[in-house]
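Chain and residue survey
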Amino acid sequence: MATQSSHSQQLMRSERRMFSASDDSAMMKQIQSTHSPDGRFLDVKPILQVIDNVLRHLTPTIDHHALNGGQGHMDAIDDSSATMDSNGMLEALAFLVHKISCEISCKCSGGGDAHATTMVLLNTLSSYSWDAKVVLTLAAFAVNFGECWLVLQLCTTNSLAKSVALLKQLPDILEYSHTLKPHFDALHKLIKAMMEVTKCIVEFTELPSQYISSDLPPMSIAVAHIPTAAYWTIRSVVACAAQIASLVGMRYEFVTSTSEAWELSSLAHKVCSIHEHLQKILHLCHQHIDEKKQTEAYEGLKHSFGTPQLDNSKILLKIFSLSKEDPHSLLGPDKTKVHIEVLRRKHVLLLISDLDITHEEIQVLESLYKYDRVTSEVNYEIVWLPIVDRSAWNDSYQQKFLSLQSMMPWYTVNHPSIIEQAVVKYTREVWNFVKKPIVVTLDPLGKMTCPNALNMLWIWGNTAFPFTTDREASLWKAEAWTVELLVDGLEPNLSNWVRQEKVICLYGGEEMEWIESFTYAIKNVAQFLGIGLEMVYVGKNNAKERVKKITGLINERQLSHAWQDANVWFFWKRLESMLFSKTQHGKTNEIDVIKQEVMTLLGYDGSEQGWAVFFSGTNMVRAKGDKVLNAIQSFEQWEDMARVSGFISAIRGHLEGIADEHHCTRLILPGISGGIAETVVCAECGRTMEMYFMYRCCDE
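Cut-offs used in this document
Residues numbered from 1 in each chain as written. Predicted model: local features only at pLDDT ≥ 70, side-chain atom pairs only at ≥ 80, totals over all residues. Heavy atoms only, no water. Helix = DSSP H or I, 4+ residues; strand = E, 2+ residues; numbered from the N terminus. Buried < 20%, exposed > 50% of the residue type's maximum accessible area, 1.4 Å probe, protein only. Contact = heavy atoms within 4.5 Å. Areas by Shrake-Rupley, 256 points an atom, 1.4 Å probe, with all protein chains shown as cover. Pairing = 2+ DSSP bridges. Axes fitted to C-alpha atoms, helices over the stretch in contact; angles between N-to-C directions. Phe/Tyr/Trp six-rings, centres within 6.5 Å; stacked < 30°, edge-to-face > 60°. Parallel < 35°, antiparallel > 145°, perpendicular 65-115°, else oblique. Left-handed = near helix turned anticlockwise from the far one by under 90°. Nonpolar A, V, L, I, M, F, W, Y, C, P; charged D, E, K, R; others polar. Salt bridge = Lys/Arg side-chain N within 4 Å of Asp/Glu carboxyl O. Core = buried A, V, L, I, M, F, W, Y, C linked by side-chain atoms within 4.5 Å. Domains from an automatic or database assignment. Right-handed = clockwise from strand over helix to strand, strands pointing away. Arc of directions from axis to C-beta. pLDDT = per-residue confidence, 0-100.

What follows is about the overall build of the protein. Looking only at helices and strands, the protein features 28 helices and 12 strands. A buried classification covers 49% of the 700 residues belonging to the protein. Counting only contacts in the protein whose residues sit at least 6 apart along the sequence, the fraction spanning at least 24 positions is 74%. Working note: accessible area of the protein is about 33,600 Å², and carbon and sulfur atoms make up 52% of it.

Here's what the structure looks like:
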């Protein structure tokens, strides 16, 4: 709003300079003194439509072909614009239009002063509004101009028209048609400018008063300058009429003169400038109205969410900007238009994203929606709500939208443009959508039950249904930091390994030399101890291409198990989701073991080194690359302890006895809604970590 106010002030200053350059205060007072409206309302749009039909179809024919009897566009005029409403209105105003027409003809034929003639017309129309004054004057001009042009066009084919043309001395125009072209070009340009200003003035009168006040900017600026615009439009009518009158019975001296054409061009330039400035004010008015409407819609949406509903229909209609009369702007899973009724009284998951939602995210959701949802017998529907920048929309975005839409087996909007800005504002300010996708859950009554259930979907899948905040809290209460929670269903052999009581090692990083040294060393230790060992390479977050190369080498050299791209991506996505879910529930690092361990692994991934975590039953130990590798290579120092208390306890004891002279732990998190803990404790030393901001672009 502050920005619009600034624009209004700048426009007011520029408008003042523009209008005052030639319109002194004395003349403006004189113009205002003629204005004494009696409050009558005149719907000028039907009249303006008829005028436009006359002038628009006639002015393009002002050329050599038309002047020599060519049929031009006039013969093809569609009279459907002259509706019953306009006929009735014009019948009531016929005397006034005729009176103004006569006034114009009389004054202009006598070569009177243009300003004086304009003031006479303004006084004649004193009881009408400014838009009515201009439209009625244009109507009178259209009558005169239309009659003249009809005679001129028909005089070569119709004897009556020929006789009238002789009496008016119109044939001389045909004789000098080529010479008169500059005059007609200037006339055409001025008539076009007059119509544009008139339409602009009328548009101001149609602005909804409930959203904009004539006493405040920007509308008050328009109110101040519409009289000036009306004056110069009517004065332009007088100039055009005078030009046409001068052509009747013209002499050779007039034909060779160019001063009249120059005067019309100069006047057209002024009227065009007025139109340009009025358009700027009108644009500000529309902006102001849009802001008011969006604020009203935003408050209405907030009120709806805060008010108990009978079902979710009203909420969904508002979210997707649908009306009860046409609630068909959603596409179903088969990409055909559906009625909003298909979602009535269902659990609805609003998938909110921009056009950068990844294929991996869609694929995982597709698995949950199409397959797991059926087998687990949970009943919910997903609807995609794409949030885009309309001002930057182009063919490339359109193709990207259609491509994403075709991949989604759930409900989508027909087009992002149906989503109102009030809804976009609500997603950002209330649901905290920024860049990363979120899933807002609505119960069958339309009540929002979780501001972002995507974390739950990544961690527990459909087990988290109905995806409420309470359900999320109860699921965490039942969880412990185990390899099953960490790996979930990403490793198909996990249950067998756990049942066989094997030591399970997950490791990551992107240093191939460290990976080879680590895997060889740990295999030797397992062989010495005679224990079962399974290792899985889980890669590194946001390093898809580099991890793919390393995975290929690991498989080629048979160093360990290694996951494919999709599993690597989902492993890290679940870890991030665990952290954000825990943060949303207000858990502190000191007392929440799961959150602390998740942050530790994410911190490991943010370093340049590799890392490893070992699980055996309920026992667990983890460490960064060089530290864990050195410990394994020093196996002889803790071998005896390993044979007594087991591998996990022995290596943990050894690692705890190693004091780092220096360490630097980094925790890199993606920008996402849901809040980030301001206090984070280092996994290595327990001290509070410093917070920094990192901007990263990764095209992998």
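Glancing now at the sheet that holds strand β8 (residues 503–508). In space, the five strands of this open sheet follow the order β10-β9-β8-β11-β12, with mixed pairing throughout. Edge strands, defined here as strands with exactly one partner in the open sheet, are β10 (561–562) and β12 (619–624). The sheet contact formed by strand β9 (residues 533–537) and β10 spans two bridges and is parallel. When the sheet's bridge partners are listed, V536 is paired in β10 with H561. The sheet strands contacting helix α25 (residues 593–606) are β11 (611–616) and β12, and the helix crosses β12 at an angle near 30°.

All right, on to the packing of aromatic side chains then. Across all of its chains, the model carries 31 aromatic pairs by this definition. Taking 6.4 Å as the distance between ring centres and 50° as the angle between the ring planes, the aromatic pair formed by W481 and F615 counts as tilted. Taken as a pair, W481 in the loop between α19 (469–477) and α20 (483–487) and F615 in strand β11 lie far apart in primary sequence, 134 residues in all. Here W481 and F615 have matching classes, each one buried.

What follows covers the packing of helix α7 (residues 130–154) against helix α10 (residues 181–205). Put simply, α7 and α10 touch, their axes get as near as 10 Å, and they point 150° apart. Comparing their axes, α10 and α7 come out roughly antiparallel. In terms of crossing hand, the pair formed by α7 and α10 is left-handed. For the pair α7 and α10, the contacting residues are D131, V134, V135, L138, F141, F145 and W149 in the first and F184, L187, I191, M194, M195, T198, I201, V202 and T205 in the second.

Following both chains from N to C, one finds helix α22 (residues 512–529) and helix α26 (residues 625–633) inclined at 35°, their axes separated by 9 Å at the closest point. With respect to the hand of their crossing, α22 and α26 are arranged in left-handed fashion. Packed against α22, whose contacting residues are W514, S517, F518, A521, I522 and V525, the element α26 presents G625, D626, V628, L629, I632 and Q633 at the interface. Looking at the contact of α22 with α26 residue by residue, the class counts come to eight nonpolar, three polar and one charged.

Here we come to the environment of F635. Mapped onto the elements of the fold, F635 is located in helix α27 (residues 635–645). The contact partners of F635, leaving out residues within four places of it in the chain, are V525, F528 and L529.

Summed over the entire model, instances satisfying the criterion amount to 23 salt bridges. Residue D52 is joined to K199 by a salt bridge in which the shortest nitrogen-to-oxygen separation is 3.5 Å. Separated by 147 residues along the polypeptide, D52 in helix α3 (residues 45–58) and K199 in helix α10 bring together distant segments of the chain. The class of D52 is buried, set by a relative accessible area of 16%. Residue K199 is classed as partly exposed on the basis of its relative accessible area of 38%. In this structure, E534 and K502 form a salt bridge, with 2.7 Å as the shortest nitrogen-oxygen distance. Of this pair, E534 sits in strand β9 while K502 sits in the loop between α21 (494–499) and β8, and the two are 32 residues apart along the sequence.

Taking strand neighbours across the sheet as the criterion, the seven strands line up as β2-β1-β5-β4-β3-β6-β7 in an open arrangement whose pairing is mixed. Of all strands in the sheet, those bounded by a partner on one side alone are β2 (337–338) and β7 (448–450). Pairing analysis gives two bridges linking strand β6 (residues 438–442) to β7, with the strands arranged antiparallel. What sits directly across from T441, in β7, is C450. Packing of helix α16 (residues 395–407) onto the sheet brings it into contact with β1 (330–331), β4 (380–386) and β5 (411–413), and relative to β4 it is tilted by some 175°.

In this structure, the amide linkage connecting P217 to the following residue, P218, adopts the cis form with an omega of 5°. Cis geometry is found at the peptide bond from F465 to P466, where omega equals 10°. Considering the arrangement of structural elements, one finds P466 in the loop between α18 (454–460) and α19. Not every positive phi belongs to a glycine, and N432 is a case in point at roughly 60°. As for its position among the elements, N432 is in the loop between α17 (421–429) and β6.

This paragraph deals with the nonpolar core. Formed by 128 residues in total, the largest nonpolar core has its most connected members in I319, L350, Y507, F518, F614 and F647. Among the domains, domain 2 (312–476) and domain 3 (483–689) are the pair contributing at least three residues each to this core. Not counting chain neighbours up to four residues away, the residues in contact with F518 comprise C505, Y507, M535, A612, F614, V628, L629 and I632. In this structure, V44, C148, I191 and L207 belong to the second largest nonpolar core, which totals 77 residues.

Moving on: the pairing of β9. The buried count for β9 comes to four of five residues, which makes it a mostly enclosed element. The handedness of the β8 to β9 crossover, carried by α22, is right-handed.

Taken as a whole, helix α2 (residues 25–33) has its buried residues at M27, M28 and I31. Along the axis of α2, the buried positions cluster into a sector of 100°, meaning they face one direction only. Every exposed residue of α2 that faces more than 90 degrees away from the buried side is listed here: S25, A26, K29 and S33.

Here we take up the environment of E381. Tracing the backbone shows E381 in strand β4. Residues E381 and T441 lie 60 residues apart in sequence; the distance between their C-alpha atoms is 9.9 Å. Leave out the neighbours within four places in its chain, and E381 touches L343, K346, H347, V348, L349, Y369, R373 and Y411.

Time to look at the pairing of strand β3 (residues 347–353). Burial runs high along β3: six of the seven residues are buried. Here β3 runs beside β4; their pairing, made up of seven bridges, is parallel. Bridging across to β4, S353 finds its partner in P386. Assessed by its sense of winding, the connection that carries the chain from β3 through helix α15 (residues 359–375) to β4 is right-handed.

This part covers the confidence of the model for the protein. Of all residues in the protein, 80% attain a pLDDT of 70 or more, and the chain-wide mean is 84. Helix α4 (residues 64–67) is the least confidently modelled element of the protein, averaging 46 in pLDDT, while β9 averages 97, the highest of any element. Low pLDDT, under 50, characterises residues 11–22; the stretch is placed with 20 contacts to residues that sit more than four places away or in other chains. Every residue in residues 60–78 is under pLDDT 50, and counting partners more than four places away or in other chains gives 35 contacts.

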